[in-house]
Amino acid sequence: MISTVTLNPALDVILEIGDLHLNQYNQVNNASLYPGGKGINVSKAVRACGRETIAIGFLGGGRGRIIEEELRKLGITTNFWHIENKIRSNTIIFDKKNNQHTLMSETGPKVTEYDLEMILSIFYRIMSQSKIVTLSGSIPPGTPKDIYAKMIEIAKNRGVKAILNTSGEQFSKGLEKQPFLAKPDLRKSNKVFGIEINKKENAINAAKEIVARGAEISVVSFEQEKDIFATKDNIWFAESTHHRILNLIGAGDALVAGFAVSSTEGDKSLDEAIKFSMSCALASALCEEEEFDSRKQADECRKYVKIKRL
Amino acid sequence: MKIKDIMIRDVTSALADCKLYNLLEILSRHKITGIPVVNQEQEVIGFISQHDIIKDTLPNYLGIINSGSILSEFIQLGKSLKENSNRPIKDFMKKNVITVDENDNEVLAADLLIRNKIQRLPVIRNKKLVGIITLTDICRTLIKE
């Protein structure tokens, strides 16, 4: 079982507009609601690959119940802790004419010490059914910065591999507990430990630094659909040669999902895991709105993925 | 049809040492009437419902059912719930819990739900909780068929 943690989930509201004009009246052609948050996106991609997944984290209010219901419809098992306040929503404006997606993200509700105690209790129990767990995204107000570090420690003690995909202090603190794989979330800042991720060399240096700080494997994305993977002994450059990208939102989460899926499938090599994770990211990027919905789609993308050991 | 194809994929549960007050918060926030009680390995060791709590906290429970009115006992219920709010749910839960395997079929689940007059049946795989099945889910599936 692949478990995912989403401490700050959101109800994604996607508004499709023909041609967006700022400071003017805009007619919405289509509005849709989707369960969102990085961990939830990972679960959706894992499920698309035909694997079992359980999503945990915080939910609250009517928005939370919509998310739970939608996830169960997709065949994703849920075990969320319901907090007193409603969770946030993310609004994505899709400008169809210019093919641009603009994401506006709310801050999540405050969680209490009791909520944190309960989520750690749920996490401990769920680890008894898991092979790998992904810890993704931002944390809501009231959450200590070492929450992911604590979770990595619990997971490792229960024999579960942990994948960390977040940013800031919770990322650096998480690295101290030596996760299986770490991928910095570069949406808010393109710097990792002071290194600006604006060219290949810097991405390589950042990937090496993440490994030096504790991760067994690191992934750093740079430019569109280009990633550096690193271990203590090796570095890979991976890229997609497909250039008709429709939507990059969620592609990084699909990459994490692909790696988690591959890592739990017997004797697959690291090269194969990298290739499959890149294929999942591309499959997600080729979908206009929601996540890709079959393993076949990911497998078909393999021919567009090139990996090279540096 | 296998139960795993129609069950609710939710494993919301509580530990046996969860306090009654906290359990009521869980039931209220999830808008459900009962949940499985599990150990740290997610194995089902009991089941607790609102019905079990009221039965245990109100001595005249059977009398209320027969009288058709809870009014006379309402003050007593509030007082009793407050007194018991810090007690662990292991004091109230059903220990002989009825479960069903995810690979069993819907007929068995319906039979267990009806015969035992229960609303929610934990679904397990190798003793571990993987979901919940209710009569509503089964009926909904039968209508669709």
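The model shown is predicted, which means the values in this text are computed figures rather than measured ones. (Residues numbered from 1 in each chain as written. Chains lettered and ligands numbered in written order. Predicted model: local features only at pLDDT ≥ 70, side-chain atom pairs only at ≥ 80, totals over all residues. Heavy atoms only, no water.)

## Focus on the overall build of chain A
For chain A, the helix and strand inventory stands at 9 helices and 16 strands. Taking 2.2 N^0.38 as the reference for a compact globule, 310 residues should give roughly 19 Å; the C-alpha atoms of chain A span a radius of gyration of 18 Å, in line with that estimate. Projected onto its principal axes, the C-alpha positions of chain A cover 55 × 45 × 40 Å. Residues classed as buried in chain A amount to 56% of the 310 residues present. Here chain A has roughly 12900 Å² of accessible surface; of this, 45% comes from carbon and sulfur atoms. (Helix = DSSP H or I, 4+ residues; strand = E, 2+ residues; numbered from the N terminus. Rg over C-alpha atoms; globule rule 2.2 N^0.38 Å. Buried < 20%, exposed > 50% of the residue type's maximum accessible area, 1.4 Å probe, protein only. Areas by Shrake-Rupley, 256 points an atom, 1.4 Å probe, with all protein chains shown as cover.)

## Observations regarding the interface of chain A and chain B
Between chain A and chain B, the contact holds 24 residues from the first and 22 residues from the second. Of all residues in chain A, A:His82, A:Arg125 and A:Gln129 give up the largest surface area on contact with chain B, accounting jointly for 28% of the area buried on that side. The interface formed by chain A and chain B includes 4 salt bridges. The salt bridge partner of A:Arg72 is B:Asp10, with a shortest N-O separation of 3.2 Å. For the interface between chain A and chain B, the tally reads 13 residue pairs in polar contact (both at pLDDT 80 or more). Breaking the side of chain A that touches chain B down by element, the ones donating at least two residues are α2 (61–73), β5 (77–82) and α3 (113–126) of chain A. Residues that form the side of chain A that touches chain B fall into these classes: 8 nonpolar, 8 polar and 8 charged. (Contact = heavy atoms within 4.5 Å. Buried area = accessible area lost by both parts, 1.4 Å probe. Salt bridge = Lys/Arg side-chain N within 4 Å of Asp/Glu carboxyl O. Polar contact = N/O pair within 3.5 Å; in protein donor to acceptor, adjacent residues only side chain to side chain. Nonpolar A, V, L, I, M, F, W, Y, C, P; charged D, E, K, R; others polar.)

## Focus: the nonpolar core
Counting residues in each nonpolar core, the largest one holds 68 residues, and the members touching the most others are A:Leu7, A:Phe123, A:Val133, A:Leu135, A:Met151, B:Leu23 and B:Ile48. Setting aside residues no more than four positions away along its own chain, A:Val133 makes contact with A:Ser3, A:Val5, A:Phe123, A:Met127, A:Ala155, A:Val160, A:Lys161, A:Ala162 and A:Ile163. A:Phe229, A:Ala254, A:Leu255 and A:Phe276 belong to the second-largest nonpolar core, a separate cluster that totals 35 residues. (Core = buried A, V, L, I, M, F, W, Y, C linked by side-chain atoms within 4.5 Å.)

## What about the confidence of the model for chain B?
The predicted model of chain B has a mean per-residue pLDDT of 89, with 90% of residues at 70 or higher. Here the prediction assigns the complex a pTM of 0.90, and the interface score ipTM is 0.89. (pLDDT = per-residue confidence, 0-100.)

## Some details on the packing of aromatic side chains
Residue and element names in this part refer to chain A. Here the structure, examined in full by the defined rule, presents 5 aromatic pairs over all chains. A connected cluster of aromatic rings, assembled from ring pairs, spans Phe-180, Phe-229 and Phe-259. The positively charged end of Lys-161 is found above the aromatic ring belonging to Phe-180, 4.5 Å away from the centroid. Sitting over the face of the ring of Phe-193, Arg-213 holds its NZ or CZ atom 3.7 Å from the ring centroid. (Phe/Tyr/Trp six-rings, centres within 6.5 Å; stacked < 30°, edge-to-face > 60°. Lys NZ or Arg CZ within 6 Å of the ring centre and 35° of its normal.)

## Thoughts on the sheet that holds strand β6 (residues 128–134) of chain B
Residue and element names in this part refer to chain B. Read across the sheet, 3 strands follow the order β4-β5-β6 without closing on themselves; strand pairing throughout is mixed. The open sheet is flanked by β4 (100–101) and β6, the only strands paired with a single partner. Pairing of strand β5 (residues 120–125) with β6 involves 6 bridges; the strand directions are antiparallel. Across the sheet, the residue bridging to Arg-125 is Lys-128, located in β6. Set on the sheet, helix α5 (residues 106–115) makes contact with β4, β5 and β6; between it and β5 the angle comes to about 135 degrees. (Pairing = 2+ DSSP bridges. Axes fitted to C-alpha atoms, helices over the stretch in contact; angles between N-to-C directions.)

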